[in-house]
Amino acid sequence: MNRYLVLLVVSILSTTFAKDQKPFKHQEKVSATLEDYISIVDKKDIKGMLEYLTIPLDLHFGSERVMTIGSEQEFMLIFNEWKNSAKANFHSTKVRSIHIEQTGIIDNMLAVADVTYDRLDENGDTIRTERALYHLVKGTGYYAKPLKFIWAFSTRWARKWKIYMISNIDLEE
């Protein structure tokens, strides 16, 4: 909970004190990460999905409460259930748009991607259109004790982008 409060405060401060908006230098890497993640989701490869996510992972869908997944075992249980549900009844995903913004007061550590996509059947016909926000962090997070934070911050250049929160949002009609 505390790490999300810190991330929220950092995001608010960064937009409050933002000056000239430069293009986000990691936009291509974040976009590639999301496209790779979506292809793994299309395959329903639960273990493969974990490579793109941080644990804990927050999920927020519809009007339901935010669900925090606290372990890999819990993730496997929840997503194996998803894999066998009607929500996973699609063949592939076609991304309509990805809009990526840097967030956070410290450059190049946090990003959010607004993604609109179609879920397709075997014939390539659209089953449904969805929109989600993917919140990403460079590495596994920056909410540790001071020495661990300094290490994570100073080695961020070598870390991969990972998803720490997914929220669906209503499509504008």
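Below or above, wherever it landed, is the structure these notes cover. (Residues numbered from 1 in each chain as written. Predicted model: local features only at pLDDT ≥ 70, side-chain atom pairs only at ≥ 80, totals over all residues. Heavy atoms only, no water.)

### Section: the overall build of the protein chain
Here is step 1 of the chain: Helices and strands together make up the secondary structure of the protein chain, namely five helices and six strands.
Here is step 2 of the chain: Starting at the N terminus and ending at the C terminus, the protein chain contains elements arranged as α-α-α-β-β-α-β-β-β-α-β.
Here is step 3 of the chain: The buried share of the protein chain, reckoned over its 173 residues, is 40%.
Here is step 4 of the chain: In the protein chain, of all internal contacts separated by at least 6 residues, the share reaching a separation of at least 24 is 59%.
Here is step 5 of the chain: Summed over its atoms, the accessible surface of the protein chain is roughly 11000 Å², and 55% of this surface lies on carbon and sulfur atoms. (Helix = DSSP H or I, 4+ residues; strand = E, 2+ residues; numbered from the N terminus. Buried < 20%, exposed > 50% of the residue type's maximum accessible area, 1.4 Å probe, protein only. Contact = heavy atoms within 4.5 Å. Areas by Shrake-Rupley, 256 points an atom, 1.4 Å probe, with all protein chains shown as cover.)

### So, the sheet that holds strand 6 (residues 161-168)
Here is step 1 of the chain: Reading across from one edge, 2-1-6-5-4-3 is the order of the six strands in this open sheet, with mixed pairing throughout. Each having just a single partner strand, strand 2 (67-69) and strand 3 (92-103) make up the two edges of the open sheet. Pairwise comparison of adjacent strand axes, ignoring direction, gives a mean angle of 20 degrees for this sheet.
Here is step 2 of the chain: Where strand 5 (residues 126-138) meets strand 6, seven bridges bridge the pair, whose relative direction is antiparallel. Within strand 6, the residue paired with L136 across the bridge is I163.
Here is step 3 of the chain: In the packing of helix 2 (residues 27-42) onto the sheet, contacts are made with strand 1 (53-60), strand 3, strand 4 (110-120), strand 5 and strand 6, and the angle to strand 3 comes to roughly 145 degrees.
Here is step 4 of the chain: Here helix 4 (residues 72-83) sits on the sheet in contact with strand 1 and strand 2, set at roughly 125 degrees to strand 2. (Pairing = 2+ DSSP bridges. Axes fitted to C-alpha atoms, helices over the stretch in contact; angles between N-to-C directions.)

### Things to note about the layout of surface pockets
Here is step 1 of the chain: Put simply, the largest pocket is a space of about 730 Å³.
Here is step 2 of the chain: Residue lining of the largest pocket: 29 residues in total, with F61, F79, W82, K87 and E130 positioned closest to the centre.
Here is step 3 of the chain: When residues of the lining of the largest pocket are traced back to their parent elements, those giving at least two are helix 2, helix 4, strand 4, strand 5 and strand 6.
Here is step 4 of the chain: Here the lining of the largest pocket takes six residues from strand 5, the largest share from any one element.
Here is step 5 of the chain: Taken together, the residues of the lining of the largest pocket break down into 16 nonpolar, five polar and eight charged. (1 Å grid on protein atoms, 1.4 Å probe; cavity = no way out; pocket = protein on both sides within 12 Å on 5 of 7 lines; lining within 4 Å. Points joined across faces, edges and corners; volume = space filled by probe spheres on them. Nonpolar A, V, L, I, M, F, W, Y, C, P; charged D, E, K, R; others polar.)

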